[in-house]
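Now for the letters of each chain:
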Amino acid sequence: MTADNLGGWPDPQPRMGFFTDTSVCIGCKACEVACKEWNAVPDDGFELLGHSYDNTGGLSANSWRHVAFIEQPVPTDVLAEAEAGPGDMRWLMMSNVCKHCTHAGCLDVCPTGSLFRTEFGTVVVQEDICNGCGYCIPACPYGVIDQRKDDGRAWKCTLCYDRVGDGLTPACAQACPTRSIQFGEVGELRERAAARVEALHGQGVGEARLYGHDPDDGVGGNGAFFLLLDEPEVYGLPPDPIVPTRDLPAMWRRAGLAGLAMAAAVVVSFLGGRP
Amino acid sequence: MGVRTWIEGWPVYRQLTGTDPLGRGAAAQSPRSRDLSARTGSADSMARSVCPYCAVGCGQRIFVKDGEVVQIEGDPDSPISRGRLCPKGSASKSLVTSDRRVRGVLYRRPFGTDWEELDLDTAMGMIADRVVAARAATWEDADEEGRPLNRTLGIASLGGATLDNEENYLIKKLFTALGALQIENQARI
Amino acid sequence: MAEAHPVGFQYVVEAKNRGATVIHIDPRFTRTSALAHTYVPMRAGADIAFLGGVVNYILSNEKDFREYVVAYTNASMIVGEGFRDTEDLDGLFSGYDPELNVYDQSSWQYEGQSDEGQQEGEAHADRETASGLEQESHGPPVPADVPRDPTLRHPRCVYQILKRHYARYTPEMVERVCGVPPEKFLEVCAAWTRNSGRERTTALVYSVGWTQHSVGVQYIRTGAIIQLLLGNMGRPGGGVMALRGHASIQGSTDIPTLFNLLPGYLPMPHHRQHETFRQWVDAIRHPEQKGFWANAEAYAVSLLKAYFGDAATEQNDWGYGWLPRLTGDHGTYQQVLDMIDGKIKGYFLLGQNPAVGSAHGRAQRLGMANLDWLVVRDLFAIESATFWKDGPEVATGEIVPEQCRTEVFLMPAASHAEKEGTFTQTQRLLQWREKALDPPGDCRSELWFFHHLGRLVRERLAGSTLPRDQAVLRLNWPDEEPSGEDVLREINGYDVATGAALSNFTDLAADGTTACGCWIYSGVFKDGVNQAARRKPGAEQDWVAREWGWAWPSDRRTLYNRASADPEGRPWSERKKYVWWDPAAGEWTGYDVPDFEKTKPPSYRPPEGASGVEAIAGDDAFIMQGDGKGWLYAPSGLIDGPMPTHYEPAESPIGNPLYGQGANPARKRYDRDDNPLNPASPVYPYVFSTSRLTEHHTAGGMSRQLAYLSELQPEMFVEVSPALAAERGLEHHGWAHVITSRAAIEARVLVTDRLRPLRVDGRVIHQIWMPYHWGSSGLVTGDSANDLIGIVLDPNVLIQESKVGTCDIRPGRRPAGADLLAYVEDYRRRAEGHDG
């Protein structure tokens, strides 16, 4: 099974994902709204959080895109402030989303087969299967997947599975005014991201770096990765995420074979009993 | 559903016979997931429109199915917006389909403490009556030196910056002919 | 721009990625600043000092694009001997009348200008009717051959006058007035001038908060002066770009719902200035002047033919006698005060929410509470429909529902998806919207509403012989409901005999053979085809994208694009080529529709005594101006001076560091007890400004009603610097209230380094910022920032100063009920006491 056919599809499609370039994010939150309109995600309550312009708070069952705002002033004391040089601050913005991990903890632990790997290599909760057991929630190293209070089921970004299946761009990426969110084949996006980092370095933005692009990281690389302008922790991202089920695949493989042997017997008996 | 179909749809069968021995991909796909498609594709019609919020003029595509708007998204053909929309433009479907929209005439009588419902034709007739009366009561034919004025200062209007040119044209034409001068819009604000 | 026009900002991001320098100047650090290379914080209300400093930098370092300036601007023209500058008169120009607070503009004219000039009586009427800027070169006709000194050395040439006027706007003065350090200011000057000239152009983009100042028009003029001096007008990548904030606010000025205008910027007649048809037309066309306004009679007659059809004849002056007449200020703020005074009976609100969106919210609501009837057409039950029930004055006891006489009709409106028609976006581009579906329930379009209102009124007046009813009875108003395209055809214009659509305003005639609802839109239905509905994908066109929509006039995408070529008609550079003269073909050509007569060669010089279009020389790029030139200096028309001058806002914590004159001497004031202005007083020590958030739209009627937008910015808040928070004891995420002499409003506090104190005129000035989206109706509600603002207007266009004022801020929530009135009154008394 290659990284491009994580789901064992007979006719696998290229792996699709997001490259979110935070260096051009303007924090407009079009991604949040476009996602909700397309996916009919409920509102998340009307509460002023006091976290800069972030009133969403984080990714949740009812927020599948979340724009983080980080104000980074140059430290000055109150009295000196009027004398400080103007403009010497940064306001970082980042649209966060499910990472669609190569090794997805949520999918690994899902007992119902609700979470599955699509032909595009994305990780999707199937709302008609999910029974609300919640095993997936602690299994996500990013804290992305979440249960909806009123129906108990788990919800998160589907990378607009329905749209992508029809050759369309996911709603958030389609709306994004500045192309901070780019959708495409993961391999191509990785090349684009590397070129962008290089270009920014050339423009003197030495702090530009990628996050989640590396197939050798603790989750085997992400289908949705980011260009950041500071350490991941600054954005509320784990610096070194490790899928809690990292050793599971081998275990599954063994368990799977045993299970299949049993299932095969059942199927044979069904077929045998056909009139 | 025949038994074969049923069986072949059964994840474990597919896991066994397909290419997904771990049962977490193709074999786990539910019938609903398999049948998913973008609702824009099955819409009855698509109208080419323009975002109603700011004046950038982003292109919108409005998809309608069974008499309901099912999606509004950016029009990739627009050389202005190239398919993109801001959060407000992206919320246009909510704007159009909101259950908070007023769908019938609401009337508050003088000194009233609550709304009452009113039939549209009745309301139109009442408004026409009031325009005629306000005009008659406040009409000015000429100034003190006999120069024509042809106007009423008893009627005022404000609005128009989110209306169509064609609508503004009729508004101005009618009010001007009625002698109503005090016609203003957001452009003064 | 990123805040209020995110999708437009994609081009800034793209330009930045391609190496452009992005500079953002704003009182507070916004989402735009976050992506700019350079952010320059400055004091709200000091923009002319800043931009005047740029003018001074350009002129004193000779950074102007000299060939362009000499050829295409009025830099070389000689001004009459009587002119006195603000440098001579401590902040006033010559001709000031302190009683009327306006200027006799005679002394501002060019040398040899024969006319008496714009005297104070006329200037006063112009201010009251916001007509100073109509028809580009308003006021006395400008002679076609003004004396010039192409060497720019004559002491009274515009170039030298400009240089003297701005000589004191030095980097040190900019720092003193604006709070911008010289090195930051010079960085902006260097970037702007470096990136202008033959090979490069710079765009100046502003959002229309710039218009919301008592010196708003002059702010924009200062920008225009810089762009003319640097050769950035009429050229690709240049210009002064207004980012407008409503889908068709450009259209609602072109086809105006404005008291002082008729379609196509024809003036609504004034009872004294325009008593006869001939007076009206001549005031527009200026018979001896250059330019396309010379054909105004054709535009005017065609409009009257569109309005009155067969009833408009040469014998009755095309029905001119039926038009209503202005006598003074009938603008929206005068109207509101007249409502309070009981002079207005009925009020229509058409997709507009003045209870939240207009300055001095309390006056707005008290005015509406004193009407006979109010018709609100909207999608939602907005504050302006429900003020009698849940407005702030109900809480204070000033409006008692049982005693409020206003009859209110809330008429549900159709949304943009439920009707067809055109919006004109911010670059004059008309885009046709297809109708997606029928409106629900009793929701109806304005087209439907006004068609039927007209029909019903005409039915009621049918048979009347009263003179006052003849105009509406003879109105060209078909009985059957028109489609949007029917109306657009009328706007485009048609041949009266055949009904065929006209193809351009040059087809219009003054003899009654053509009808046209808006001359500048003529051509939108060229060849009987709805040109605004053109939608050839952008990807299949060049970057000008001429086959998408239709731009007025004549489908030109960039105005005055003759200036993109040099005087001989050659592109200034290969890199910036746009429109040029093709000598072989004998015509202008290029990527855009040339904004010039197609076959008039660059070498053309008008014959002696020519006027109108014939008088436009081959190098007169500014074809609507009376002298064919871009105006660095306005010899007439502007109410408050021929050149922009720094004045303090009407409410300012400091005196004017440049002149004895503090605020704009010609500003429009309404001195009434119910419209108090804050005196300069330590009682109101801080400067505040307001603007939009990305997540909301204007007064909230289209955003606070939607869950997906409300959740993103759920509460009214105020932004303060850490220093001010410490000074006033404000807690982040806690409550505070802001007080002016009009109101006190409460908000949650965001303490942020995006606001910072500035050192201005030797002292520290704290600025606070608020969004203005909140009101009492909707999914999320809160106090309205516009309640804080008083009514004082720009004298040229009668737009209010709502982007800067003075205030106090205190921790905690404001008093409620009647206590609130006493609290605000107490502040006023203390401020006045101090003042006296």
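Rules used in this analysis
Residues numbered from 1 in each chain as written. Chains lettered and ligands numbered in written order. Predicted model: local features only at pLDDT ≥ 70, side-chain atom pairs only at ≥ 80, totals over all residues. UniProt positions renumbered as here; feature names shortened; annotations may be inferred. Helix = DSSP H or I, 4+ residues; strand = E, 2+ residues; numbered from the N terminus. Buried ≥ 20, exposed ≤ 12 C-beta atoms within 10 Å, placed from the backbone. Contact = placed C-beta atoms within 7 Å. Nonpolar A, V, L, I, M, F, W, Y, C, P; charged D, E, K, R; others polar. pLDDT = per-residue confidence, 0-100. Axes fitted to C-alpha atoms, helices over the stretch in contact; angles between N-to-C directions. Parallel < 35°, antiparallel > 145°, perpendicular 65-115°, else oblique. Left-handed = near helix turned anticlockwise from the far one by under 90°. Core = buried A, V, L, I, M, F, W, Y, C linked by C-beta atoms within 7 Å. Pairing = 2+ DSSP bridges.

- In the annotation of an unreviewed UniProt entry, chain B is listed under the name Formate dehydrogenase major subunit and assigned to Actinoplanes philippinensis.
- Regarding chain B, the relevant UniProt record gives this comment under Subcellular location (unreviewed entry): "Cell envelope".

- The name that an unreviewed UniProt entry assigns to chain A is Formate dehydrogenase iron-sulfur subunit, with the source organism given as Actinoplanes philippinensis.
- Checking UniProt for chain A, the heading Subcellular location (unreviewed entry) contains the comment "Cell envelope".

## Quick notes on the overall build of chain B
Part 1 of the argument: Helix and strand counts for chain B stand at seven helices and eight strands.
Part 2 of the argument: A burial count over chain B gives 58% of its 189 residues as buried.
Part 3 of the argument: Across chain B, every contact between residues at least 6 apart in sequence was considered, and the portion connecting residues at least 24 apart equals 31%.

## Considering the overall build of chain A
Part 1 of the argument: Helix and strand counts for chain A come out as seven helices and 10 strands.
Part 2 of the argument: Across the 275 residues in chain A, those meeting the buried criterion constitute 47%.

## Considerations on the interface of chain C and chain B
Part 1 of the argument: In this complex, chain C contributes 134 residues to the contact, which on the side of chain B involves 99 residues.
Part 2 of the argument: With 11 residues, helix H17 (residues 446–461) of chain C is the single largest residue contributor to the side of chain C that touches chain B.
Part 3 of the argument: A per-class count over the side of chain C that touches chain B returns 67 nonpolar, 47 polar and 20 charged.

## With respect to the confidence of the model for chain B
Part 1 of the argument: Looking at chain B as a whole, its pLDDT mean stands at 93, while 91% of the residues score no less than 70.
Part 2 of the argument: Reported confidences for the modelled complex are a pTM of 0.95 and an ipTM of 0.97.

## Comments concerning helix H12 (residues 332–340) of chain C
Part 1 of the argument: Listing the buried residues of H12(C) in full gives Thr332(C), Tyr333(C), Gln334(C), Gln335(C), Val336(C) and Met339(C).
Part 2 of the argument: In this structure, the buried residues of H12(C) make contact with strand E7 (148–159) and strand E8 (180–184) of chain B together with helix H14 (361–368) and strand E27 (792–793) of chain C.
Part 3 of the argument: Just downstream of H12(C) lies Gly342(C), where phi reads positive at about 80°.

## A closer look at the UniProt feature "binding site: [4Fe-4S] cluster 3" (unreviewed entry) in chain A
All names here are of chain A.
Part 1 of the argument: Taking the UniProt record as the reference, the feature "binding site: [4Fe-4S] cluster 3" (unreviewed entry) is found at Cys98, Cys101, Cys106 and Cys140. Separation in sequence by 43 residues is not matched in space for these annotated residues, since their most distant C-alpha atoms are only 11.1 Å apart.
Part 2 of the argument: Using a count of 27 C-beta atoms within 10 Å as the deciding quantity, one classes cysteine 101 as buried.
Part 3 of the argument: Once residues lying within four places of it in the same chain are set aside, the contact partners of cysteine 101 are Val123, Val219, Gly220, Asn222 and Val243.
Part 4 of the argument: Secondary-structure assignment places cysteine 106 in helix H2 (residues 105–109).

## Digging into the UniProt feature "binding site: [4Fe-4S] cluster 1" (unreviewed entry) in chain A
Part 1 of the argument: Mapped onto the present numbering, the UniProt feature "binding site: [4Fe-4S] cluster 1" (unreviewed entry) falls at Cys25(A), Cys28(A), Cys31(A) and Cys176(A). In summary, the annotated positions, though distributed over 152 residues, converge in three dimensions, the widest C-alpha pair being only 10.7 Å.
Part 2 of the argument: Here Cys28(A) is to be found in the loop between strand E1 (16–21) and helix H1 (30–39).
Part 3 of the argument: With residues near it in sequence (within four places) discarded, Cys28(A) still touches Pro177(A), Cys86(B), Pro87(B), Pro6(C) and Thr694(C).
Part 4 of the argument: Inspection of the secondary structure assignment puts Cys176(A) in the loop between helix H5 (171–175) and strand E8 (181–185).

## Some words on the packing of H12(C) against H14(C)
Residues and elements named next belong to chain C.
Part 1 of the argument: With their axes 7 Å apart at the nearest point, H12 and H14 run at an angle of 50° to one another. As far as their axial angle goes, H14 and H12 are oblique. Crossing of H12 against H14: the hand is left-handed. Across the interface between the two elements, Val336, Leu337, Met339 and Ile340 from H12 touch Ala363, Gln364, Leu366, Gly367 and Met368 from H14.
Part 2 of the argument: Considering only residue class, the contact of H12 with H14 consists of seven nonpolar, two polar and no charged.

## What to know about the confidence of the model for chain A
Part 1 of the argument: Summing up the model confidence of chain A, the mean pLDDT is 87 and the portion of residues at 70 or higher is 83%.
Part 2 of the argument: Low pLDDT, under 50, characterises residues 258–275 of chain A; the stretch is placed with 11 contacts to residues that sit more than four places away or in other chains.

## Side note on the nonpolar core
Residue and element names in this part refer to chain C.
Part 1 of the argument: Val55 and Val738 are the most contacted members of the largest nonpolar core, which has 382 residues in total.
Part 2 of the argument: Looking at which element gives the most residues to this core, the answer is helix H11 (residues 296–308), with 10 residues.
Part 3 of the argument: Beyond its immediate sequence surroundings of up to four residues, valine 55 is in contact with Leu162, Tyr166, Tyr169, Thr222, Ile225, Ile226 and Leu229.

## Section: helix H19 (residues 484–492) of chain C
Every α-helix winds through 3.6 residues per turn, so residues three or four apart in the chain are directed the same way.
Part 1 of the argument: In terms of residue burial, H19(C) counts as a mostly covered element, since seven of its nine residues are buried.
Part 2 of the argument: Buried within H19(C) we find Gly484(C), Val487(C), Leu488(C), Arg489(C), Glu490(C), Ile491(C) and Asn492(C).
Part 3 of the argument: Of the surrounding elements, those touching the buried residues of H19(C) are helix H7 (165–177) of chain B together with H11, strand E12 (421–424), H17 and strand E14 (494–495) of chain C.
Part 4 of the argument: Immediately downstream of H19(C), the backbone of Gly493(C) shows phi near 105°, a positive value.

## Some details on the sheet that holds strand E16 (residues 550–551) of chain C
Part 1 of the argument: Spatially, three strands are ordered E12-E13-E16 (chain C) in an open sheet, and the strand pairing comes out antiparallel. Each of the sheet's edge strands pairs with one partner strand only, and the pair in question is E12 and E16 of chain C.
Part 2 of the argument: Across four bridges, E12(C) lies against strand E13 (residues 429–433) of chain C in antiparallel orientation. Each bridged residue has a counterpart across the sheet, and for Thr422(C) the counterpart in E13(C) is Trp432(C).
Part 3 of the argument: Here H7(B) sits on the sheet and contacts E12 and E13 of chain C; the angle it forms with E12(C), its principal contact strand, is near 95°.

## Some words on the packing of helix H10 (residues 277–285) of chain C against H11(C)
Two packed helices can be described by the angle between their axes and the distance between those axes.
Residues and elements named next belong to chain C.
Part 1 of the argument: Between H10 and H11, the shortest axis-to-axis distance is 9 Å and the interhelical angle comes to 135°. Looking at the two axes, H10 sits oblique to H11. As H10 packs across H11, the resulting crossing turns out to be right-handed. Counted together, Val281, Ile284 and Arg285 of H10 and Ala296, Glu297 and Ala300 of H11 form the full contact between these two elements.
Part 2 of the argument: Looking at the contact of H10 with H11, its residues break down into four nonpolar, no polar and two charged.

## Quick notes on the environment of Leu475(C)
Part 1 of the argument: Mapping Leu475(C) onto the fold places it in the loop between helix H18 (467–473) and H19.
Part 2 of the argument: Between the C-alpha atom of Leu475(C) and that of Tyr307(C), which follows or precedes it by 168 residues, the distance is 5.9 Å.
Part 3 of the argument: Filtering out sequence-adjacent residues up to four positions away, Leu475(C) remains in contact with Ala177(B), Tyr307(C) and Phe308(C).

## Topic: the sheet that holds strand E1 (residues 45–50) of chain B
All names here are of chain B.
Part 1 of the argument: The sheet built from three strands is open, its strands ordered E1-E2-E3 with antiparallel pairing. The open sheet has two free edges, formed respectively by E1 and strand E3 (68–74), since each of these has just one partner strand. On average, each strand axis in the sheet is tilted by 25° relative to the strand beside it, whichever way the strands run.
Part 2 of the argument: Pairing between strand E2 (residues 59–65) and E3: six bridges, direction antiparallel. By the bridge assignment for E3, arginine 61 is matched with glutamate 73.

## Points about the pairing of strand E26 (residues 767–771) of chain C
Part 1 of the argument: Most of E26(C) sits out of view: five of its five residues are buried.
Part 2 of the argument: Of the two faces of E26(C), the one holding Gln767(C), Trp769(C) and Pro771(C) and the one holding Ile768(C) and Met770(C) are both buried throughout.

## Here we look at the environment of Ser554(C)
Residue and element names in this part refer to chain C.
Part 1 of the argument: With respect to the helices, strands and loops of the structure, serine 554 is situated in the loop between E16 and strand E17 (579–582).
Part 2 of the argument: Look at serine 554 and you get partly exposed, because 18 C-beta atoms sit within 10 Å.
Part 3 of the argument: Residues serine 554 and phenylalanine 717, 163 residues apart in the sequence, show an inter-C-alpha distance of 46 Å.
Part 4 of the argument: Dropping the residues within four chain positions of it, serine 554 is found in contact with Asn504, Gly523 and Val593.

## Considerations on unusual backbone geometry
Residue and element names in this part refer to chain C.
Part 1 of the argument: Residues tryptophan 552 and proline 553 are joined by a peptide bond in cis, for which omega reads -10°.
Part 2 of the argument: Mapped onto the elements of the fold, proline 553 is located in the loop between E16 and E17.
Part 3 of the argument: In the Ramachandran plot, arginine 428 falls in the positive-phi region, its phi being about 70° despite a non-glycine side chain.
Part 4 of the argument: Within the element layout of this structure, arginine 428 appears in the loop between E12 and E13.

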